[in-house]
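Spelled out from the first residue to the last, the chains are:
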Amino acid sequence: MGPSKASDAEPRPLSGAIQFEEGDFHAISGSCARDTQFDDRRLQTRRKLGALGKSAAEGFKAAGVELLSRTSLHRPTVFNQKSVKRQWVYLCRAKGEKQRLRKVLGRELAGDLDAAYRNMFLCLAIEAERLEVSLQIRSDAWYDGQNLIRRIKADGVQSWLKILNQLDGFRLRLHDWKGEWMCGS
């Protein structure tokens, strides 16, 4: 390879774009994850994630898909085992869509729609060593999993593979399976 050109250099951030800094990662690392003196820094990170989630939700709404944006806790509490090792924003079904699905699913299954972890959602998460962008379908997301299976059976697996292979640099991971599959290959 020859010398790098200016176009090969590391991309510069867009003007006005939200940027994560070293302190965002540090505040959720090691012993800092339990230390309340880092609450202010984690709150800044939570606000950055919230702004990104709100912007993404507005973009989806303009495309005709209404999603709700929510962020995680930034303070160590009993709900996060008194440790903030990960912060995230996620986009899930809006209230109106949940109400529509309650009528379709019936009373027994409709309760699964209440908690976001029982649904498919888009997630942007920050940890001490990484920034993660993911589409998550939790094991409790029975309805969404069945819907995805039905769509893949109807459309064929090739359209799904095409979408995944356009995500060069991303990995497909299935729950707690040991393997990971590189998208793009």
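Look up: the structure comes first, before these words.
Residues numbered from 1 in each chain as written. Predicted model: local features only at pLDDT ≥ 70, side-chain atom pairs only at ≥ 80, totals over all residues. Heavy atoms only, no water.

*Asks:* Could you give an account of the pairing of strand E3 (residues 120-127), naming the residues involved and the relevant values?
*Replies:* Among the 8 residues of E3, 6 are classified as buried, and the element is accordingly described as predominantly covered. Relative to E3, strand E2 (residues 86-93) runs antiparallel, the two being bridged by 6 bridges. Bridging from a neighbouring strand, Val89 pairs with Leu124 of E3. Pairing geometry for E3 and strand E4 (residues 131-137), over 7 bridges, is antiparallel. From the neighbouring strand, Met120 faces E4, where its bridge partner is Ile137. (Buried < 20%, exposed > 50% of the residue type's maximum accessible area, 1.4 Å probe, protein only. Helix = DSSP H or I, 4+ residues; strand = E, 2+ residues; numbered from the N terminus. Pairing = 2+ DSSP bridges.)

*Asks:* Got a sec to walk through the pattern of salt bridges? Specific residues and values, please.
*Replies:* By the definition in use, this model includes 10 salt bridges. Residues participating in the shared-partner salt-bridge network are Glu21, Asp24, Arg41 and Lys48. (Salt bridge = Lys/Arg side-chain N within 4 Å of Asp/Glu carboxyl O.)

*Asks:* Break down the packing of helix H5 (residues 142-155) against helix H6 (residues 157-165) for me, with residues and values.
*Replies:* Helix-helix packing: each pair is described by the crossing angle between the helix axes and the interaxial distance. Running from N to C, H5 and H6 cross one another at 110°; their axes reach a closest spacing of 6 Å. The orientation of H5 with respect to H6, classified from their angle, is roughly perpendicular. Counted together, Leu148, Ile152 and Asp155 of H5 and Val157, Ser159 and Trp160 of H6 form the full contact between these two elements. Partitioning the contact of H5 with H6 into residue classes produces 4 nonpolar, 1 polar and 1 charged. (Axes fitted to C-alpha atoms, helices over the stretch in contact; angles between N-to-C directions. Parallel < 35°, antiparallel > 145°, perpendicular 65-115°, else oblique. Contact = heavy atoms within 4.5 Å. Nonpolar A, V, L, I, M, F, W, Y, C, P; charged D, E, K, R; others polar.)

Shape descriptors only; they carry no functional weight alone.
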